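Secondary and tertiary structure notes
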Amino acid sequence: MSGFKLALQNNKVLQLSLLAAFVLVSALSVYLTSRSVIAFILLLGSLLLLYYTSLSNGMKWAVAGLLLILVIPFATAGGPSHESYMEVATQCGIYVAMALGLNIVVGFAGLLDLGFVAFFAIGAYTYGIFATGQANNFIPGDLFPLSGDYFWVFIILGGIMAAIFGVLLGLPVLRVKGDYLAIVTLGFGEIVRIIFNNLEKPVNITNGAMGLSSISPPNLFGLQFTFPHQFYFIVLGILAVVIFGVRRFEHSRIGRSWKAVRENEIAAQSMGIPLIRTKLTAFAIGASFSGLMGVVFAAKQTFIDPSSFTLLESTTILVMVVLGGMGSVPGVILGAVLVTLLNLQVLAEFTGWLNQLSMQGIITLPNALSPVKMQRFIFGAILILIAIFRPHGLISARNRKIPLSQVKEGEAHEHPERSRTSQKVRRVNGS
Amino acid sequence: MNILSVQGLVKKFGGLMAVNGVDYAFERGKISAVIGPNGAGKTTFFNMITGIYVPDAGSIELDGKSIVRVKPDKITDQGIARTFQNIRLFGSMTVLENVMVGMHIHLKAGILSTLLNLPLVRREEKETMHEAYRLLEYVGLASLYNEEAASLPYGAQRRLEIARALAAKPKVLLLDEPAAGMNPRETNELTDLIRRIQREREISIILIEHDMKLVMGLSDHILVLDHGEKIAEGNPEDIRANPKVIEAYLGKSALQDEEVMPI
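It should be emphasised that the depicted structure is a prediction, and the values quoted were computed from it without experimental measurement.

Moving on to the overall build of chain A. A tally of helices and strands in chain A yields 17 helices and two strands. The globule rule puts the C-alpha radius of gyration for 431 residues at 22 Å, and the 24 Å found for chain A is close to it. In terms of principal-axis extent, the alpha carbons of chain A reach across some 75 × 65 × 50 Å. Considering chain A as a whole, with its 431 residues, one finds that 41% of them fall into the buried category. Sequence-distant contacts, at least 24 apart, represent 76% of the contacts inside chain A between residues at least 6 apart.

Written out as C-alpha cells, the structure is:
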C-alpha cells in the first residue's frame, strides 16, 4: 500500500491516468443516469483531484479548462436534467467569484465585511434598471429597455458601480476596526437592500418590493442567451478573468500591502503603506467582482427584487470564505462550490428523500423535525464540524515558497548550467 | 549639520506629561542614543517623530522640513524608518515578503499594471525580490528567507525588523530597543550590524536602548530623558559622569556611594 502511495506521489503519468479514469467513470455516470447528484459531485470533484496532482501549473490550468469547457457540459447533456445541472454549475461559478471578491477584503486585507451582498445587488440593479423600461421613469426619451447587446458593456459597468460604492462605503467606515467594522458593514448591507426596496417614490427607480421583471437577456450577434448552459459559459469566462486577477494581485505590491495591513496596521503604516487607501483598494476590487456577477445574475434570472439580497446571502458568502480557508484562493473556490452544492443540491435532495420516506410511512418524523427545517440544521452541523476539525479552512492559506534560483540575483538566468548542477548536487546531498 | 531636530516637544496623556518640552538636534551620519529609566518617554518621543502620535506642542524638522502632523506613511516617504520595541513583524508572511513590504514606497506597480502583468511590473517584482534577498544577506538571515516570520527566533526577528526598515532606504533609522531579549553574543553581532549600517549606508541612526554597554560602545551622542524631560546630553564619557543621570537611574543615595558606578 505504501509502495503504491510512493509511486503515486512521484509518477505524473500514473496520476494523470488515474485522474482520467476517474473523470471517465464520473462523466459516464452523469451521462447515463438521468439525475444523480452524487455522480455530478464526483465529476466536479475531479477538479479537486487535479489540484492535488503534481502536474505543473500550466498543465493543471489546461486540464481544468478541458474539464470545464468540454467534459462537464457534454457529460451533463445526456439526460433531461441537463439544464438543471448547468444551472447549479452556473450558480457555483457566480458564488466562486463573489467569494473570491470577499476573500480579498476578509482574507487578504483582514476587514470583516458582513454586508458584501450589497455590491452584488448594486451590480444586479445596474443592469436591471437599464435593461427594463424602468429607466424611462427618470431618463426622458423612451430609450429603454436597452437590448441584450449592451449586457457585455454592463458587466464592466456593474463592476465599476460596485467598486464606486465600495469606495463610498469605505471612506467613512474604514476608520473603525474589527468588530465595529463588521457591524457597520452589516448595516450598510441592510441599508442598500432597504433603499432598493423603497426607491419607488418620489421617482420610481427600483420599482420597490415588486422588483424588476423581464430584464433583457444577453445577446451576442443575434444569439440570445436564455438557457443555463449558455450562462454557464459566460460565468466561466468571467471567472477565468477573476481568478487570473486575484492571482496577480495576491503576489504583487498591492497584495503584499493588503496582507501587511491585516498583520499589523502600525508596522504597515511605518513602512509607508497608506492605510485608508490600501483598505479602499481592497474594498473596491473585492466589490467589483461581486458587481460583475450581479449583472450576470440579473440577466440570468430576468427578474430581481430586494429579497434576493438579504443578510443571509452575505453570511453565506462569508461562510464560503471561512470554510474554504481565509486568504487561500483554492480554498475559497472549494468552499464556494461546496456550500453552493450543499444548499442547492445535497440538502434539497436529502430532504426530498426524507419526505418520500415519511410519506411512504417508513419513518415518522414529528412536525418539529420536518425535513425542510432539518436542512438548515444539517448545514449548521456541517459548518461546526469543519470549524472544529479544520479551523484554518479546508485548504488553508500557505505562503509561496520561492526557489533560491529566483531570489538570488543572476543565478537562474545567466548561468543555467550552474544552477542545474547545483540542483543535482542538492538532490544527491538530500538522498 | 543636523538631520533631525526637535524643539519644545510636548506630549500629554491625560494628566501625564509623557514628553515635556524636549529640545534636541540629531547629527547627520552619526549614531545617537536616547536613554532613560522606564517610563521616561523615550518610545513616545519616537512615536512623535514617526508620526504615530501628533505632538501637543513643539516642532520636529527633518532636513529643515517640518514633519509635524504628517501621516506616518508619508514620513517614511520622506526618509525615516523604524523598528519597534514590541516586535511588529507581518507574522504570517515569509521573511522575504516582510522585507519586500519594506520596499513599498520605492515600487510603482498600480492596480491596472498589476492586473495586466506588464513587463514593467514583472521586472520590478524580480528586482524587488533580489534586493530583498540582498538585504537579508546583509543582516544574516538569507538562509531563512522562505520561513514564516513569526516562526523565527527572537533575535532573528529583531534583525528582520532592521532589514525591513533598511528596505525603505531611509535617511534616518530609528531602533527602539534593538537588543532587548538578546543574549550577549547576539548583542555583539547586533552592535557590529548597526555600526556597519552607519558606515556603509550613510544612514543616521537613533536608538533607544537599556543595554548600557551597547549604548556606550556605539553612540556618538546621547540624549537622556527622565519623566519626559531632557536631563542631560553629551558624548558617552560626559553622560557616564553626569550626576543627574546617575541619580535618575539609581536614586540619590547612589551619588554618595562612590563605588557604585552603574554605567
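And the narrative resumes.
Regular strands show a simple pattern: their side chains alternate between the two faces of the sheet. Residue and element names in this part refer to chain B. A large share of strand 3 (residues 31-35) lies buried, amounting to five of its five residues. Burial of strand 3 is two-sided: the residues Ile31, Ala33 and Ile35 facing one way and the residues Ser32 and Val34 facing the other way are all buried. As defined by bridge partners, strand 3 adjoins strand 8 (residues 204-208) across four bridges and the pair is classed as parallel. By the bridge assignment for strand 8, Val34 is matched with Ile208. Two elements, strand 3 and strand 9 (residues 221-226), share four bridges in a ladder whose sense is parallel. Directly across from Val34, in strand 9, lies its bridge partner Leu223.

A few words on the interface of chain B and chain A. Tallying the contact residues gives 35 residues for chain B and 28 residues for chain A. Secondary-structure elements contributing two or more residues to the side of chain B that touches chain A are helix 2 (72-77), helix 3 (95-102), helix 4 (111-115) and helix 5 (119-139) of chain B. Tallying contributions element by element places helix 3 of chain B first for the side of chain B that touches chain A, with five residues.

This part takes up the sheet that holds strand 2 (residues 16-27) of chain B. Residue and element names in this part refer to chain B. The four strands are arranged 2-1-4-5 in an open sheet whose pairing can be described as antiparallel. Edge strands, defined here as strands with exactly one partner in the open sheet, are strand 2 and strand 5 (65-66). Across nine bridges, strand 1 (residues 2-13) lies against strand 2 in antiparallel orientation. Note on strand 2: the bridge partner recorded for Phe13 is Leu16. Each of strand 1, strand 2 and strand 4 (57-62) is contacted by helix 1 (residues 42-49), which is oriented at about 65° to strand 2, the strand it contacts most.

All names here are of chain A. The terminal C-alpha atoms of helix 7 (residues 151-173) lie 32 Å apart, and with 23 residues this matches the ideal 33 Å at 1.5 Å per residue to within 8%. Among all positions of helix 7, only Phe151, Phe154, Ile155, Gly158, Gly159, Met161, Ala162, Ala163, Phe165, Gly166, Leu169 and Gly170 are buried. Contacts from the buried residues of helix 7 go to helix 6 (117-130), helix 8 (178-198), strand 1 (219-220), helix 9 (228-250) and helix 12 (275-301).

With that settled, consider the environment of Cys92 of chain A. All names here are of chain A. Relative to the helices and strands, Cys92 resides in helix 5 (residues 82-108). With 143 residues separating them in the primary sequence, Cys92 and Val235 have C-alpha atoms 9.4 Å apart. Once you skip the residues sitting within four places of it in the chain, Cys92 turns out to touch Ala336, Val337, Thr340 and Leu341.

What follows deals with helix 9 of chain A. With 23 residues, helix 9 of chain A should reach 33 Å at 1.5 Å per residue; the first-to-last C-alpha distance of 31 Å fits that figure. Here helix 9 of chain A has its buried residues at Phe231, Tyr232, Ile234, Val235, Ile238, Leu239, Val242, Gly245, Val246, Phe249 and Glu250 of chain A.

To continue, consider the pairing of strand 4 of chain B. Residue and element names in this part refer to chain B. Inspection of the sheet shows strand 1 paired to strand 4 by five bridges, in the antiparallel sense. Looking across to strand 4, one finds that Gln7 is bridged to Ser59. When strand 4 meets strand 5, the two strands line up antiparallel, connected through two bridges. Within strand 5, the residue paired with Leu62 across the bridge is Lys65. Here strand 4 folds back onto strand 5 in antiparallel fashion, the turn holding two residues, of which Asp63 has a positive phi close to 55°.

Cis geometry is found at the peptide bond from Phe144 of chain A to Pro145 of chain A, where omega equals 5°. Each neighbour pair has its own omega, and for Lys201 of chain A with Pro202 of chain A the value is -10°, a cis peptide bond. Assignment of secondary structure puts Pro202 of chain A in the loop between helix 8 and strand 1. The backbone of Phe221 of chain A sits at a positive phi, close to 45°, despite the residue not being glycine. The topology assignment puts Phe221 of chain A in the loop between strand 1 and strand 2 (223-224). A positive phi angle, near 50°, is found at Lys169 of chain B, a position not held by glycine.

Let us look at the confidence of the model for chain A. All names here are of chain A. On average, chain A scores 87 in pLDDT, and the residues at 70 or more come to 94%. Taking the mean pLDDT of every element in chain A, the minimum, 41, falls on helix 17 (residues 416-430) and the maximum, 96, on helix 10 (residues 253-263). Confidence drops under a pLDDT of 50 for residues 413-431, and excluding neighbours within four residues, the segment shows three contacts in the predicted structure.

The next subject is the packing of helix 6 of chain A against helix 7 of chain A. Residue and element names in this part refer to chain A. Between helix 6 and helix 7, whose axes approach to 8 Å, the crossing angle comes to 135°. Taken together, the axis directions place helix 6 and helix 7 in an arrangement best described as oblique. Crossing angle aside, the handedness with which helix 6 passes helix 7 is right-handed. Counting all contacts with helix 6, which are made through Phe119, Ile122, Gly123, Thr126 and Tyr127, the residues of helix 7 involved are Phe154, Leu157, Gly158, Gly159, Met161, Ala162, Phe165 and Gly166. Of the residues in the contact of helix 6 with helix 7, the class split is eight nonpolar, five polar and no charged.

Residues and elements named next belong to chain B. For chain B, the assigned domains read domain 1 (1-79 + 170-263) and domain 2 (88-168). For domain 1 and domain 2, the distance between their C-alpha centroids amounts to 27 Å. Contributing elements (two or more residues each) for the side of domain 1 that touches domain 2: helix 2 and helix 7 (184-201). With three residues, the single largest contributor to the side of domain 1 that touches domain 2 is helix 7.

Here is what the cut-offs are and how they apply
- Residues numbered from 1 in each chain as written.
- Chains lettered and ligands numbered in written order.
- Predicted model: local features only at pLDDT ≥ 70, side-chain atom pairs only at ≥ 80, totals over all residues.
- Helix = DSSP H or I, 4+ residues; strand = E, 2+ residues; numbered from the N terminus.
- Rg over C-alpha atoms; globule rule 2.2 N^0.38 Å.
- Buried ≥ 20, exposed ≤ 12 C-beta atoms within 10 Å, placed from the backbone.
- Contact = placed C-beta atoms within 7 Å.
- Pairing = 2+ DSSP bridges.
- Axes fitted to C-alpha atoms, helices over the stretch in contact; angles between N-to-C directions.
- Expected span 1.5 Å × (residues − 1).
- pLDDT = per-residue confidence, 0-100.
- Parallel < 35°, antiparallel > 145°, perpendicular 65-115°, else oblique.
- Left-handed = near helix turned anticlockwise from the far one by under 90°.
- Nonpolar A, V, L, I, M, F, W, Y, C, P; charged D, E, K, R; others polar.
- Domains from an automatic or database assignment.

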